[in-house]
Structure formats: structure tokens, C-alpha cells
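In case you want the letters, here they are:
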Amino acid sequence: MRRGIAATALVAALGVTLAACGSGDDSNGGSKSSGELSGTVTWWDTSTVGSEDKVFKKLAEDFTKKHPKVTVKYVNVPFGEAQNKFKNAAQSGSGAPDVIRSEVAWTPEFADLGYLAPLDGTPALKDADDFLKQAAASVKYKDKTYAVPQVIDSLGVFYNKKIFKDAGVAVPKSVDELKTASAKIKEKTGKTGFYLRGDDPYWFLPFLYGEGGDMVDADQKKVTVDDESGVKAFRTVKDLVDSKAAITDATNGWDNMQAAFKDGKVAMMINGPWAVADTFTGKEFADKANLGIAPVPAGSAGQGAPQGGHNLAVYAGSKNLDASYAFVEYMTSVESQAKVTKELSLLPTRSSVYIKPDIATNEMIAFFKPVVDKAVERPWIPEGGSLFEPLKVEYTKVLTGQTTPEAGAKAVGDRYRKLLKDWK
Ligand code: TXT
């Protein structure tokens, strides 16, 4: 069986049999000649293995129960590999999946490259006006719709209520209060106050927004990461580490941050809804009530957290568009989103899900929905995802003292202006 993708991908067929891997280039084409959907839909899912993937796999199985002549080939591709794997497969015309879970920043890039099927007027896009405004914006490119929003998310402060009680501190609302709280937590409990993830600049964005900045201003076609607010944000995060209010890591940040927080070594971390299921597996949160969530701390100019999330997109070269459209519609339906919210506390992208009784009472949803409502929208440009690598290099160097906030900010700005040719 030819594998169009690396062995790291987990291949499991949902439906009757394990069909040959890859699609878009073999006779998996389905048809509706008998009025019934048929054939194979290969789906590349990037969700977290061991927590999220089980729920999404089950949903896909339920789809095949409704459409017994369709085989869904579930392939879990790690988040850090999927973007380039899909671009390589789509470019070569071989091995691309029919449906991909496309992170919000990947969607305009894939659309710009012509790798996604426009969905306007297809069965994939049902009740389009039910989607949250920001989620809907993430699937539009040049006035066409190239994906369907699956989950939306943002960042918040996760805190250990017991440590906070033992230290006698309140949840910090600003960076200054975070520093004060961290010092008191250290003094009273010996534990570190805050884990600041240092190997992924997505975690830098709340501090950038807190100083009134952003990576770019897409409307003005202006690079803004190296203006005064950007420099101040770099100074802020460096000070959190230098003052010992926070610990950080230049590599393996996700595992180290989750382990430190779940084991009670740190009292706070910044994270998103996708971390809730994993956090609850930690000894400190066997009693789920011990997990508190709060807005990210404000900086000197304001408070804000980034919009993130994932969309389901159909490969433009799919040989089974009918079944792929139906699969995307099913996976992003009100019922499917409600199941995902109940099981994983991920945020729905459909407004109508939030008013369902058992969703409205979900504590995580009650916290994260207002955060998502005012999350800072991303620049929906093809280069949006590519802004993170240059920022990651300098962010990590500033946190580890290898460069200054001023030099780091300037280096990112210079890289952005090379990437965004005619921008100021
Ligand atoms: C490329 C950006 C934010 C959550 C599970 O999947 C790599 O792709 C680029 O877009 C931000 O929005 C949030 O939902 C969970 O289910 C390529 O293959 C590229 O991704 C991203 O744009 C996300 O919204 C899932 O919830 C390499 O060859 C780029 N990587 C930003 O990514 C949130 O994403 C959970 O996702 C290429 C990357 O920069 C990202 O932050 C994400 O957390 C997911 O796990 C060359 O090396 C560097 C940056 O991390 C943040 O982690 C991840 O936990 C780099």
C-alpha cells in the first residue's frame, strides 16, 4: 500500500475496510448515481492524539453509519507537520486528502495557492449565517468561502485555585499584578507563579496586544511588530523571566508547561480550550473544580488575546467532492459541534450551539465565549502563518538573553518587510 505521508501519521479506516492510503489520485471517486453517497473520504485531522482525536474519530464513524457506502479514512497528522505535508501533496497532485483540518492561518494560504475547493453553494456550507463573525472571516478569501469553521479559540490564564488560596492572592488582572502575585506565591508556597511558554510566539501575542501592538496592520499594509509597542512587549516578557515571576523554555514548551502546571509546580499558565482535556488528567486537577480560568493580564495599553481555531476544507483535487462536502457539513453541524463541546470543552463556531441548555452551563464555555467574542482578529492574508517563524526566533532569543528587546523587535520587522514585499 503506497503511503503518501510519513509513518508518523496514524492511519485508521472508519467504515468497512482499510482502503489504500491517499486519495485525489486513485479510483476512490464516489458518485451519487444511485442517489446515495459512496466511495472514500480521506480526512487529515490534526487534533491532539489521546484526547481530542477519539472524539473526532467517533464523529466520523457516526457519519459512516448515516452513509454506509462511504468509507472515511481517518488520518491523524501532527499539527506541526500537516501544513507543509498538505502543500507538498497538493502541489505534486498525489496523496492529498479529500478533507483537511486547516488551522485558521493556513486557510487563506491554501486558498491563495488554489488547493481548496470553493464551498459557496455546495452542501458543505449549511446555514452560513449561523457562524460567529470572526470564525466566518477566517474561511473567506477574495470573497469566496474556502472552508467551514470547526472550532474557534483564544487564550486565557489557567490557575491553580488551591495554590492561590494557600498564598492568599487574587487572580492578577494586569502584568504588574501578575508579578506581585508570583512573588507572594513564591514566598508563601515556594512554587513558581507563572509558566510563560517560550518556544511558541503565539504566547507572546497577549503581551503584544497588552502594549497596544500587533504583528502587522493588514488594512494599512504596515509592519507594526517593531514599533514602540512591540519593543515594550518584548521588554515586558523579558522582565517576567528576569524578575523570576515566570519560568520559560526555549524548546518543548507545550510538554514542559503542561507538566509543570498539572503537577502543581507553577500556579498559572496561559493556554486555550484545547488544553482543558489534557489539564484535567493532571494530579492537581483530579478535582476539576481546582482549575480556574481568567482573562489574560492587561498591559500598559490594554488587554487582548488572539483568535485561533480550525476549519474543515475540501481539497480542490478531490475525486469525491460529493461525499467530502457531506462529511464537512456533518462534522461542522450543530449536533456535531455540541458533542465536541460537551466532551472536550472546545468552543463551537455556530451561534446556535451556545444557546443549547447543556452548553450554556458548561463552565469552560461560559469563560471562553466572552474571551473569543473580543479576541483580536488575525490578518487573513496568505502570509499570516509565516509571521510566526521569524517572531519565534527573536522571542526565544529575547527570553533567553541572547538579544535585546530592541534588537529582537527590529530583526522581526526586517524579516516581515522581506516577506511582505510592498508593505511599509
Ligand atoms: C508551520 C503558525 C496559533 C491551538 C492540536 O491540533 C508548520 O505548520 C503557522 O500557522 C496560530 O493560530 C490553536 O487552536 C489542537 O487540536 C509547517 O508544517 C504554522 O502553523 C497559528 O497560526 C491554534 O490556533 C489545536 O487546537 C512547518 O513546516 C507554523 N507551523 C500558529 O501557527 C494555535 O495556533 C492546537 O492549536 C513550518 C507555526 O506558526 C501557531 O499558533 C495553536 O494552538 C494544536 O494542537 C516550518 O517549520 C510555527 C503557532 O504555534 C498554538 O500552538 C497546537 O497545540 C511551520
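Reference entry: report on the structure contained in this document. (Residues numbered from 1 in each chain as written. Predicted model: local features only at pLDDT ≥ 70, side-chain atom pairs only at ≥ 80, totals over all residues. Heavy atoms only, no water.)

Helix and strand content of the chain: 17 helices and 15 strands. Computed over its C-alpha atoms, the radius of gyration of the chain comes to 22 Å, within 12% of the 22 Å expected for a compact globule of 424 residues. Here the chain, with 424 residues, has 58% of them falling under the buried criterion. Intrachain contacts of the chain at a sequence separation of at least 6 include 74% that bridge at least 24 residues. Surface exposure of the chain reaches about 16,800 Å², of which carbon and sulfur atoms provide 52%. Treating the 54 positive side-chain charges of the chain as one cloud and the 54 negative ones as another, the clouds have centres 2 Å apart. (Helix = DSSP H or I, 4+ residues; strand = E, 2+ residues; numbered from the N terminus. Rg over C-alpha atoms; globule rule 2.2 N^0.38 Å. Buried < 20%, exposed > 50% of the residue type's maximum accessible area, 1.4 Å probe, protein only. Contact = heavy atoms within 4.5 Å. Areas by Shrake-Rupley, 256 points an atom, 1.4 Å probe, with all protein chains shown as cover. Lys, Arg positive; Asp, Glu negative; His and termini not counted. Charge placed at Lys NZ, Arg CZ, Asp CG, Glu CD.)

The subject of this paragraph is the site of the ligand. Lining the immediate surroundings of the ligand are 25 residues, of which Thr46, Glu52, Glu103, Asp153 and Asp200 lie closest. Within the backbone of Gly80, an N or O atom sits 3.0 Å from an oxygen atom of the ligand. Arg378 places a side-chain nitrogen or oxygen 2.6 Å from an oxygen atom of the ligand. Relative to its free-state accessible area of 930 Å², the ligand is covered by the protein chains to the extent of 84%. Where the shell around the ligand is concerned, the elements lending two or more residues are helix H2 (79-92), strand E4 (99-103), strand E15 (308-314) and helix H16 (388-399). Counting residues per element, the shell around the ligand draws most heavily on H2, which supplies five residues. (Near = heavy atom within 4 Å. Polar contact = N/O pair within 3.5 Å; in protein donor to acceptor, adjacent residues only side chain to side chain.)

We now examine the packing of helix H1 (residues 52-66) against helix H11 (residues 321-331). Interhelical geometry of H1 versus H11 gives an angle of 125° and a closest axis separation of 10 Å. By the angle class used here, H1 and H11 are oblique. Viewed along their axes, H1 and H11 form a crossing whose handedness is right-handed. Across the interface between the two elements, Phe56, Leu59, Ala60, Asp62, Phe63 and Lys66 of H1 pack against Ala323, Ala326, Phe327, Tyr330 and Met331 of H11. (Axes fitted to C-alpha atoms, helices over the stretch in contact; angles between N-to-C directions. Parallel < 35°, antiparallel > 145°, perpendicular 65-115°, else oblique. Left-handed = near helix turned anticlockwise from the far one by under 90°.)

A few words now on the pattern of salt bridges. All told, the structure shown has 27 salt bridges when counted by the stated rule. When the shortest N-O distance is used, the salt bridge between Glu81 and Lys85 registers 2.8 Å. Taken together, the residues Glu81 and Lys85, both in helix H2 and four residues apart, mark about one turn of the helix. Using a relative accessible area of 28% as the deciding quantity, one classes Glu81 as partly exposed. Its relative accessible area of 18% is what places Lys85 among the buried residues. A salt bridge links Asp130 to Arg350; its shortest N-O distance comes to 3.5 Å. Note that Asp130 is positioned in the loop between helix H3 (106-112) and helix H4 (133-137) and Arg350 in the loop between helix H12 (334-344) and helix H13 (351-354), a separation of 220 residues in sequence. Take Arg350: its relative accessible area is 2%, and that puts it in the buried class. (Salt bridge = Lys/Arg side-chain N within 4 Å of Asp/Glu carboxyl O.)

Let us look at unusual backbone geometry. Only a minority of non-glycine residues have a phi that is not negative, and only a minority of peptide bonds are not trans. Backbone geometry places Lys221, a non-glycine residue, at a positive phi of 50°. Considering the arrangement of structural elements, one finds Lys221 in the loop between strand E10 (216-217) and strand E11 (222-223). When its relative accessible area of 39% is taken as the criterion, Lys221 is described as partly exposed. At Asn252, a position not held by glycine, the phi torsion is positive, near 55°.

Let's shift gears to the side chain of His310. Along the chain, His310 turns up in strand E15. Those residues within four positions of His310 in sequence are excluded, and the remaining contacts are Thr46, Phe79, Arg101, Ser102, Glu103, Val104, Pro149, Gln150, Val151 and Asp153.

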